[in-house]
Structure formats: C-alpha cells, structure tokens
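# Close look at the chain arrangement
This is what each chain is made of:
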Amino acid sequence: MKTLKTSTVAPFTSYQKFVIAILALIFFTVVLDFMVLSPLGNILMSTMNLSTQEFGSVVSAYAISACLSGFLAAGFADKYDRKKLLLFFYTGFVIGTLFCALADTYVTLLAARIFTGIFGGVIGSISMAIVTDLFVLEQRGKVMGLIQMSFAASQILGIPLGLWMATHWGWHSTFFALVILSLFIGIAVVFKLKPVTEHLKFRNNKSPILHLWHTIKRKDYRTGFVAIMLLSMGGFMIAPFSSDFYVNNVKINIEDVPIIFMWSGIASVFIMPLIGRLSDRFDKLNLFVIGTVIACVMVIISTNLGPTPLWKVVIINILMFVGIMSRMVPSQALNSAVPEAEDRGAYMSVNSSLQQLAGGLGAIFAGFIVVKADATSPLKHFDTLGYVMVVIMLLCVFLMWRVNKMINAKK
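Predicted model, so just to flag it, every value in this text is computed and none were measured.

## Overview of the overall build of the protein
The helix and strand inventory of the protein stands at 15 helices and 0 strands. Burial statistics for the protein: of 411 residues in total, 53% are counted as buried. Total accessible area on the protein stands at roughly 18200 Å², and carbon and sulfur atoms take up 72% of it.

Structure follows, in structure tokens:
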C-alpha cells in the first residue's frame, strides 16, 4: 500500500457552495421520499387495507422503475444541458410525489410510486455528473461527504417529522409537505443554478442507444460499475433485517430501535464532512482500505451480538457506520474520475441503475441466507450474512485498487 499523501485543496467559491447546498437539498427530498414509505407501513396497511405483499410491491416499485429509467436515460444524459435535465426529472419527481399524496387505493399508490421512481431514480446520477463537472477531483471527497449528509438529515429530521405529521394529519400530509419543500428547491434551481454545458464541447453524433452501448462496453468503465454494484450490495444485505435482529436477537425494545438509527444519523453529521476532507487531503484508496478494515471488524461484531444493552449497540452501530462511510465517500470520489467528460452523464446513469439493481439483489440474496421460524423468533444465520458481507467488502478493495490504477494511468 502506498504511504499517505496530502494534497492542497482549493477553497470553494460562493457559487460552488450554493451548488453543494442545492444538491444536498435535492438529495434530501429524493432520499426522504424513498425512505419514509417503510416507516409509514403500519399506517398505510391499516388505512388502505393493504396486505403485506401489496405493501412490499409498493416499496419495491420505486427501486425497479428507477433502475429501468436510469438505463433508458443513460443514452441521453450527455446530450443536453445538465441543468435542464435536472429540472425535467425533478419536476417529474415532484409530480409523482403529488400523485402519492393524492392516492387513495393500492393501484393508484402503486402507479404513483412507479411514476416517482422513473424520475427520482435519475436525479442522483445527474447530480453526481454536475459535481464531476464543477469540482476537481481533489474537492470531490468533501463535496460528496457534504451532499451525503442529506441521508443523515432524513434520518434525524425528515422521517421523525414525516411520521409525526402522518400520525396527526394522516399519511397524505407527509407527501404534501414534501411536494411544497421540493417546489421551493426547484424554483431555486431555475433562478440560481447556471447552465452546465461544458460536456457538450465533446458532443458526438452517436444515437442514444449507441452512446449507452459505448459506455457499457468499455472495459475500464465496467470495472467501475462492478465496484459500485458490490459496494451497494453489501449494505443492502444487512439493512433490511437489522431492526428485526435488534429486537429478536439483541433484545432491544422495539420502541428503542429508532434511537439506534437516530444516533447514527447524528454522528454522520460530523463524520461525513470529516471523511470528505480526509478523502481530499490524503490518498483516497488508502482511506478506503482503512475504512474497509474498520467496517469488516464492526460488521462481524454487530452480526454476532447476543442480548446487549442499548448504549453498547448504539456505539457499535456508530463505529460500523464510520467504517462504511470511510469506504463510500472516497470510492465515489474515485469512481467519479473514471469516465471521460463526454461520457459522464451516461456513466453516472448506468451507475445509479446498477446501484438500485444491486440493492434489490442484495436483499433477495440475504433473504435466502437468514431464517426465521415466526414473527417473534430470533433470526438464524445473521452471522453468516455478516461473513458474506466481509468477503464482498474485501473483493471491493481489489476492484477499487484497479479503479485507482486506471485513474493514475490517465494522469
């Protein structure tokens, strides 16, 4: 492994600070729209008489449609001003969220989630392409750390507030509030965000399908795709079963489970910007390896827990989160340097789609490993799931080493 090396990081301009803030707010609304549905499950199933299978379909509809739309949009992603693309898809996302607020049957809610996923699933890739266009590689770790604080904000502020509104004014109010917030953000994008057109200097005459094919068939791009897929798959393997594990294996009171995630969100407010700054000051691959070691150790500890006091579980979860974020931020910064300028939009769109696909596959694969006799029995083989996740994380080290090698070769 190379020794740690430092680099001088240029300060952000006032406009760059605005771009970071507006992209973080956009991420906040998109992430909250996706994440808030699961906590609303009990309310939705009781008020709309949904079965567990129907509710599961509603939740997965967003991810599946987002995956498909990402592939379809990839061929067009580098042919237009990124500001116009962002506005187009964000407008569709707001309309889809409004449809969710107005839905009153299973069919209308399912259709609304599919519609929202078609537009919302592409917003992340467009935002990452904008970051790559407007920020040099030495700044991107900090930028991505700041933008990803939106995930923490959704855990700390968005989901509790959304649940409170749903309890007092009905679940529709949560989506109406999200529509109103998104409208204000959209107006700021219209009037304050400048056109992002530098990539159009490299415009080619390939059709969207050929452009997509050109992006997928490049060997160096495929290495980046596989690395990001495995990064996403590992996280989604444990997450769907963690709450059940805490309740039935670790013996945490079900009312206390949100405290675990809330403290992880609070910690991430401080952890993500710090990791972002470290990612820009030191070698990104070395930071990724250190994060992987921490994550592997904490995943093994976490998935082998028996009855444990709440405060210990909170600390273990925070340390595991530190390791995972120390992998995600530098890996995303490195991955952003893989595509050529003329391919960034397509590359990010395919990346986003593969992340959605990997998340779904990870959850399905995990479901074949863990076993549960009934609703209150402990999860079996959750430790096995942890060991599988460790193997995947170690494989990611090799893939990120290859990505880093490709980037250095370009330099």
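## Quick look at unusual backbone geometry
Positive phi is not limited to glycine here, since K251 has a value of about 65°. Mapped onto the elements of the fold, K251 is located in the loop between α10 (219–248) and α11 (257–281). Relative accessible area serves as the criterion here: at 54%, K251 is assigned to the exposed category. Positive phi outside glycine occurs at H381, with the angle close to 70°. When you line up the elements, H381 lands in the loop between α14 (344–369) and α15 (382–410).

## Description of the pattern of salt bridges
Side chains that differ in sign of charge can pair as their charged atoms come close. Inspection of the entire model under this criterion finds 2 salt bridges. In this structure, R113 and D33 form a salt bridge, with 3.0 Å as the shortest nitrogen-oxygen distance. Residue R113 is located in helix α5 (residues 106–134), and its partner D33 is located in helix α1 (residues 14–35); the two are separated by 80 residues in the primary sequence. According to the relative accessible area criterion, R113 is buried, its value standing at 1%.

## Describing a nonpolar patch on the surface
Residues I95, L98, F99, L102 and F176 make up a contiguous nonpolar surface patch of roughly 410 Å² in combined accessible area. Counting residues per element, the nonpolar patch draws most heavily on helix α4 (residues 82–102), which supplies 4 residues. Within the element layout of this structure, F176 appears in helix α8 (residues 171–192).

## Regarding the packing of helix α12 (residues 284–303) against α15
Viewed as axis vectors pointing N to C, α12 and α15 meet at an angle of 175°, and their least axial separation amounts to 9 Å. Judged on the interaxial angle alone, α15 and α12 are roughly antiparallel. Looking at the contact of α12 with α15, its residues break down into 17 nonpolar, 4 polar and 1 charged.

## Quick look at α11
Taking 1.5 Å of rise per residue, 25 residues should cover 36 Å, and α11 covers 36 Å from first to last C-alpha, within 8% of that figure. Of all the bends in α11, the largest measures some 40° and sits at S268.

## Points about the packing of α1 against α8
Relative to each other, α1 and α8 sit at 155°, their axes nearing to 10 Å. As summarised for this structure, α1 and α8 are arranged roughly antiparallel, according to the angle between their axes. Relative to α8, α1 is oriented so that their crossing is left-handed. The residues of α8 that touch α1, namely those facing Y15, F18, I22, L25, I26, F28, T29, L32 and D33, are F175, L178, L181, S182, I185, A188, V189 and K192.

## What about α5?
Given a rise of 1.5 Å per residue, 29 residues ought to cover 42 Å, and the 42 Å separating the end C-alpha atoms of α5 matches this to within 8%. The largest bend along α5 measures about 30° and falls at G117.

## A word on the packing of aromatic side chains
As enumerated under the stated definition, the model contains 12 aromatic pairs in all. Ring geometry for F89 and F119: centres 5.9 Å apart, planes at 55°, overall tilted. Placement of the pair is F89 in helix α4 and F119 in helix α5, with a sequence separation of 30 residues. Residue class for F89 comes out buried when judged on its relative accessible area of 11%. Judged by relative accessible area, which is 14%, F119 ranks as buried. Taken together, the ring pairs in this structure connect F88, F89, F99, F115 and F119 into an aromatic cluster. Over the aromatic face of Y15 sits the side chain of K194, whose NZ or CZ is 4.4 Å from the ring centroid.

## What about the confidence of the model for the protein?
A residue-level look at the protein finds 83% of positions with pLDDT of 70 or above and a mean pLDDT of 79. A low-confidence stretch, residues 1–7 stays under pLDDT 50, and its non-local contacts, those more than four residues away or across chains, total 17 contacts.

## Some points on the nonpolar core
Among the nonpolar cores identified, the biggest contains 97 residues, and L23, I26 and L86 are the most heavily contacted of them. Top contributing element to this core by residue count: α10, with 12 residues. If we skip the residues at most four places from it in the chain, I26 touches L86, Y90, I123, I185 and V189. Among the nonpolar cores identified, the runner-up in size contains 17 residues, and F28, V36, L37 and F175 belong to it.

## With respect to a positive patch on the surface
Taken together, the side chains of K219, R222, R402 and K405 present a region of like positive charge at the surface. Of all the secondary-structure elements, those providing two or more residues to the positive patch are α10 and α15. Residue position: R402 is located in helix α15.

## Thoughts on the state of the cysteines
Counted according to the given criterion, the structure contains 0 disulfides. Of all cysteine sulfurs, the one in C296 lies closest to C396, which takes part in no disulfide; the gap is 9.7 Å. Overall, the relative accessible area of 1% leaves C396 in the buried class.

Cut-offs used in this document
- Residues numbered from 1 in each chain as written.
- Predicted model: local features only at pLDDT ≥ 70, side-chain atom pairs only at ≥ 80, totals over all residues.
- Heavy atoms only, no water.
- Helix = DSSP H or I, 4+ residues; strand = E, 2+ residues; numbered from the N terminus.
- Buried < 20%, exposed > 50% of the residue type's maximum accessible area, 1.4 Å probe, protein only.
- Areas by Shrake-Rupley, 256 points an atom, 1.4 Å probe, with all protein chains shown as cover.
- Salt bridge = Lys/Arg side-chain N within 4 Å of Asp/Glu carboxyl O.
- Patch = residues over 30% accessible without salt bridge, like charges linked within 9 Å, V, L, I, M, F, W, Y side chains within 5 Å.
- Axes fitted to C-alpha atoms, helices over the stretch in contact; angles between N-to-C directions.
- Parallel < 35°, antiparallel > 145°, perpendicular 65-115°, else oblique.
- Nonpolar A, V, L, I, M, F, W, Y, C, P; charged D, E, K, R; others polar.
- Expected span 1.5 Å × (residues − 1).
- Bend = angle between axes of the 7 residues up to and from the residue.
- Left-handed = near helix turned anticlockwise from the far one by under 90°.
- Contact = heavy atoms within 4.5 Å.
- Phe/Tyr/Trp six-rings, centres within 6.5 Å; stacked < 30°, edge-to-face > 60°.
- Lys NZ or Arg CZ within 6 Å of the ring centre and 35° of its normal.
- pLDDT = per-residue confidence, 0-100.
- Core = buried A, V, L, I, M, F, W, Y, C linked by side-chain atoms within 4.5 Å.
- Lys, Arg positive; Asp, Glu negative; His and termini not counted.
- Charge placed at Lys NZ, Arg CZ, Asp CG, Glu CD.
- Disulfide = S-S within 2.5 Å.

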